[in-house]
Amino acid sequence: MDAVSATQPLPYRGRLAPSPTGLLHIGHACTFWIAYQRAIARNGTLVFRNEDLDPQRSKAEFARAMIEDLHWLGIRWQEGPDVGGPFAPYEQSARRALYLETWRRLRDGGFIYPCTCSRKDLATSATAPNEGDDEPLYSGRCRTRIGEAKRYDSPRGVNWRFLVPDNETIAFDDQRQGRQRYIAGGDFSDFVVWRRDDVPAYQLAVVADDAAMQITEIIRGADLLKSTARQLLLIRALGLPVPAYYHCDLVRDEAGARLAKRHDALSLRALREHGHTPQDVLKMCASQQSNCTIR
Ligand SMILES: [Zn+2]
């Protein structure tokens, strides 16, 4: 499989898609600033999508903080939960009907199967996997259940996995990181598209939303490069258009560790409270990322 990035006759539509599971930190600021600048440069539309899919981890206070902090930084969007728009709602928690329809299409197409392996074996997450704690490889033990899929009227109660084409190379051209190649069944395996606790998985929701919101370019951190390979398989299975991809360099702390939400000292909120200005934050971004430009 060789995903050719969309030649873009469509009007440019980018998106900011944070999860309200903590405060945004400087790494998010850099990625979202780049997304903002690229949308402006293309006279495009920027969409803000609240990825509050995980009911346990998502908090309304963090959703409010995301919007406030990005506004403070100077980022503006044309569509989002705060401003509305033609593809509302812009909160994933309100978009379940679309995800269920997507699950049905995958089930009917023979692309997914119910996995009844114990919870203990399978620690999966509905949020974006982080570098170093990527979704673990799955043995494929429940692949034989693919024939049972059509007996399910609802995804509830089991994990649903996408049957990946073993040994197929998934390749794509990333506009920042260059040519990428991943081997299905090697670099990643049958990934979860719906969790047994009845929460759609990140991969399914993002693919469904990006297509429904007509996103033409996806800008996010390089920790999600491998997820792009998974999402390209979903896009193909669902017959959706392939967007362009731009994965930003990861921002690291002084010790070289990737920034995570636990780096509270580097949250935009903390930087602001300590008297840093938006310009200070953007200078920090530019010092980390050669592709981050400050106006
Ligand atoms: Zn299983």
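Residues numbered from 1 in each chain as written. Predicted model: local features only at pLDDT ≥ 70, side-chain atom pairs only at ≥ 80, totals over all residues. Heavy atoms only, no water.

Draft legend 1. Broad picture of the coordination of the zinc ion. The protein atoms that coordinate the zinc ion are Cys 115 (SG), Cys 117 (SG), Tyr 138 (OH) and Cys 142 (SG), at distances of 2.0 to 2.3 Å. The coordination sphere of the zinc ion comprises four donor atoms, whose angles at the metal cover 101 to 123°; the geometry is tetrahedral. (Donors = N, O, S within 2.8 Å, 3.2 Å for Na, K, Ca; no water. Tetrahedral: all angles 85-135°; square planar, octahedral: opposite > 155°, others 65-115°.)

Draft legend 2. A look at the environment of Asp 264. Here Asp 264 lies in the loop between β10 (244–248) and α6 (268–273). Between the alpha carbons of Asp 264 and His 25 there is a distance of 7.5 Å; along the sequence they are 239 residues apart. (Helix = DSSP H or I, 4+ residues; strand = E, 2+ residues; numbered from the N terminus.)

Draft legend 3. Focus on the sheet that holds strand β4 (residues 112–115). With antiparallel pairing, the three strands of this open sheet are ordered in space as β4-β5-β8. With partners counted over all chains shown, the strands left at the sheet margins are β4 and β8 (192–194), one partner each. Across the sheet, the axes of successive neighbouring strands diverge by a mean angle of 45°, strand direction being ignored. Two elements, strand β5 (residues 159–162) and β8, share two bridges in a ladder whose sense is antiparallel. (Pairing = 2+ DSSP bridges. Axes fitted to C-alpha atoms, helices over the stretch in contact; angles between N-to-C directions.)

Draft legend 4. Looking closely at the pairing of β5. Burial of β5 is two-sided: the residues Asn 159 and Arg 161 facing one way and the residues Trp 160 and Phe 162 facing the other way are all buried. The pairing of β4 with β5 spans four bridges and is antiparallel. Opposite Pro 114, over in β5, you have Trp 160 as the bridge partner. (Buried < 20%, exposed > 50% of the residue type's maximum accessible area, 1.4 Å probe, protein only.)

Draft legend 5. Representation of the packing of aromatic side chains. Overall, the coordinates contain eight aromatic pairs when judged by the stated rule. For the pair Trp 33 and Tyr 36, a centre-to-centre distance of 5.4 Å together with 65° between the ring planes defines the contact as edge-to-face. Placement of both Trp 33 and Tyr 36 in helix α1 (residues 26–41) is noted, with a separation of three residues, approximately one turn of the helix. Like Tyr 36, Trp 33 is buried. Taken together, a centroid distance of 4.9 Å and an interplanar angle of 85° make the contact between Tyr 152 and Trp 160 edge-to-face. (Phe/Tyr/Trp six-rings, centres within 6.5 Å; stacked < 30°, edge-to-face > 60°.)

Draft legend 6. The pattern of salt bridges, seen in detail. Summed over the entire model, instances satisfying the criterion amount to 22 salt bridges. For Arg 49, the salt bridge goes to Asp 209, with nearest N and O atoms at 3.7 Å. Note that Arg 49 is positioned in the loop between β3 (45–48) and α2 (60–73) and Asp 209 in helix α4 (residues 202–212), a separation of 160 residues in sequence. For the residue pair Arg 49 and Asp 209, the accessibility class agrees, reading buried in each case. Here Arg 143 makes a salt bridge to Asp 166, at a shortest N to O gap of 3.0 Å. Taken together, the positions of Arg 143 in the loop between β4 and β5 and Asp 166 in the loop between β5 and β6 (169–174) put the pair 23 residues apart, joining distant regions of the chain. Take Arg 143: its relative accessible area is 26%, and that puts it in the partly exposed class. Note on Asp 166: relative accessible area 42%, which makes it partly exposed. (Salt bridge = Lys/Arg side-chain N within 4 Å of Asp/Glu carboxyl O.)

Draft legend 7. Region of the structure containing helix α7 (residues 278–288). Among all positions of α7, only Val 281, Leu 282 and Cys 285 are buried. Around the axis of α7, the buried residues are gathered within 95° of arc, so they sit on the same side. Counted as exposed and oriented over 90 degrees from the buried face of α7: Lys 283 and Ser 287. Residues of α7 that are buried make contact with α1, α2 and α6. (Arc of directions from axis to C-beta. Contact = heavy atoms within 4.5 Å.)

Draft legend 8. Spotlight on the state of the cysteines. Per the counting criterion, the structure on display carries one disulfide. The disulfide that involves Cys 30 links it to Cys 285, with 2.3 Å between the sulfurs. Negative torsions about the S-S bond denote left-handed disulfides, and the value of about -90° found for Cys 30 with Cys 285 makes this one left-handed. Taken together, the residues span a long stretch of sequence, with Cys 30 in helix α1 and Cys 285 in helix α7 at a distance of 255 residues. The thiol sulfur of Cys 248 is not disulfide-bonded, and the nearest other cysteine sulfur, from Cys 30, lies at 8.4 Å. (Disulfide = S-S within 2.5 Å.)

Draft legend 9. Quick look at unusual backbone geometry. With an omega of 0°, the peptide bond between Ala 88 and Pro 89 qualifies as cis. Here Pro 89 is to be found in the loop between α2 and α3 (96–108). Phi is positive for Asn 43, which is not a glycine, with a value near 55°. Mapped onto the elements of the fold, Asn 43 is located in the loop between α1 and β3.

Draft legend 10. Representation of the pairing of β6 within the structure. Pairing of β6 with strand β7 (residues 178–183), which is carried by six bridges, proceeds in the antiparallel orientation. Bridging from a neighbouring strand, Thr 169 pairs with Ile 183 of β7. The turn joining β6 and β7, which pair antiparallel and follow one another in sequence, is formed by three residues.

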